[in-house]
Structures are given as structure tokens and as C-alpha cells.
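# A closer look at the structure
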Amino acid sequence: MSIMNKREIRKDALEHRRYIDPERRRNMDIDICSGLMSTSAYKKAEYVLCYVNYNDETDTHRIIRHAINDSKCVFIPKVTDPREGLMEFYRIESLVEAFGGYHGIPEPEADAHNSFEKIYQTLEWNQRQNVLAVVPGVAFDRNLDRLGYGKGFYDRYLKAHRDIYSVGICYDCQLYDSLPQEDGDVKMKLLISNEPET
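First, a word on scope: everything that follows refers to the structure included in this document. Since we're looking at a predicted model, the values are computed, not measured. For every chain, the first residue of the written sequence is number 1, and numbering continues from 1 along that sequence. Thresholds applied to this predicted model are a pLDDT of at least 70 for local features of residues and 80 or more for the giving and counting of side-chain atom pairs; totals over whole chains, interfaces and linings are not thresholded and use all residues. Values reported for side chains reflect all heavy atoms of the structure, with hydrogen atoms and water molecules removed beforehand.

### Side note on the sheet that holds strand 7 (residues 139-141)
By this definition, two strands are paired if DSSP reports at least two bridges between them. The helix count covers DSSP runs of H or I at least four residues long, the strand count covers runs of E at least two residues long, and both are numbered beginning at the N terminus. One open sheet holds the three strands; their spatial order is 8-7-10, and the pairing between them is mixed. Either end of the sheet is taken by a strand with one partner, and the two such strands are strand 8 (146-147) and strand 10 (175-176). Note that strand 7 and strand 8 share two bridges and pair antiparallel. Counted as the bridge partner of Phe140 is Arg146 from strand 8.

### With respect to the packing of aromatic side chains
Two aromatic rings, drawn from Phe, Tyr or Trp (for Trp, its six-membered ring), form a pair once their centres lie within 6.5 Å of each other, and the interplanar angle then sorts them: stacked below 30 degrees, edge-to-face above 60, tilted otherwise. One pass over the full model with this rule turns up six aromatic pairs. Relative to Phe75, the ring of Tyr47 has its centre 6.4 Å away and its plane inclined at 45°; by these criteria the two rings are tilted. Of this pair, Tyr47 sits in strand 1 (residues 47-50) while Phe75 sits in strand 2 (residues 73-81), placing them 28 residues apart in sequence. For the pair formed by Tyr47 and Phe75, the shared burial category is buried. Judged by centre distance (5.6 Å) and plane angle (65°), the ring pair of Tyr102 and Phe153 falls under edge-to-face. Taken together, the residues span a long stretch of sequence, with Tyr102 in the loop between strand 4 (99-100) and strand 5 (106-107) and Phe153 in helix 7 (residues 153-160) at a distance of 51 residues. A simple rule labels every residue: compare its accessible area, found with a 1.4 Å probe on the protein chains alone, to the largest value its type can have, and call it buried under 20%, exposed over 50%, or partly exposed in between. Given the relative accessible area of 11%, Phe153 is considered buried. Ring pairing ties together the aromatic residues Tyr47, Phe75, Phe116 and Tyr120, which thus form one cluster.

Below you can see the structure in the form of C-alpha cells.
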């Protein structure tokens, strides 16, 4: 059996994700959200950085609402430089504050007062351990490797913020035994899927 390259894995994973039965998808989203909420990383987090799901990605609306209700400071990403693959996170207090942005993905308003980077620079090392990032991906493996969409947004961001606790979330059809890795790829610190033990 030949080993798939990144392009082939992306195609395979996205196709499987696209055809998940809607009822099964809803139940898997609930399981993933519950799994994240039960982790010590979530429970101790003061700051939560979370993507807003788009198309058939794992749902994060439930996660964002829970985090806001749990009195955590929630930040969502905004693409600041598409060519360089750069983004920043800004605080929201409701999902109604997210509007269509890069590729139609809901994004926050770029307000310097709500910038996570501004807060991050004031945090001591031990305080930065209480920052949780919920990270999207096309595919993951059991070694905590991640395969994104190919633009490098999250790899660049997490490389620049290595002390943030990164958690990848995905459906079981996005899990692979092993993914090809390159120097710029960043491992997750935790992976949560709808499987009981990922």
C-alpha cells in the first residue's frame, strides 16, 4: 500500500468529512465539545482562542458559547495578511460579533483594545500556561501531528506562541496513523475527536 502525500491526504480527509451524516455529525460535535470541556486544560484556562467553524468543519459555536458562559475570555481569529499567512485573535463576547471575512469565514472586528496579542505580551510565563487554543485541521494523527489547509496560518501563529496549550479537534474520519511532516509543522499538545480515547 503506497503512502499518501499531503495533497492526497487533504483530498481524502475532506471528502470523508463532507459526507458525514448530519445527525451523526451533530452527535459527534456534542461529544467533541463535552470532551474538551472535561479536560484540565479547559478547566484552568482563563483565555480561550478558538476558530469559528466554516463549511463542514467540526462545530465550535457550542464551544465558544460554553466558554463565554464559563466567564472565560474568548478570542477568535482574523486574517491580517493572507499572502504571508498571518492572523491575529480578538476578543468577542458573543458570536453575533463575528462577520464574514477571509473566504467568507466569520471574523471579529480588528479592535486594538480587544487584541489578544496586547494581553499576551503582559502575561508572565506561568500565566501563559492558562491560554488554550482550539485548532482546526484537515487531518491529525495519533502522534499529535496536524495537517492544515496548506496556508500555514496556525503553524506560524503557534510557532510564535509556543507556550500556548494547543488542542486539535476533529472527527474520527480525519484521524490517520501517521502524517507526513515538514520543518514548519507544529504538533498539538492534545487531540480530541468523537472517539472515546483519541
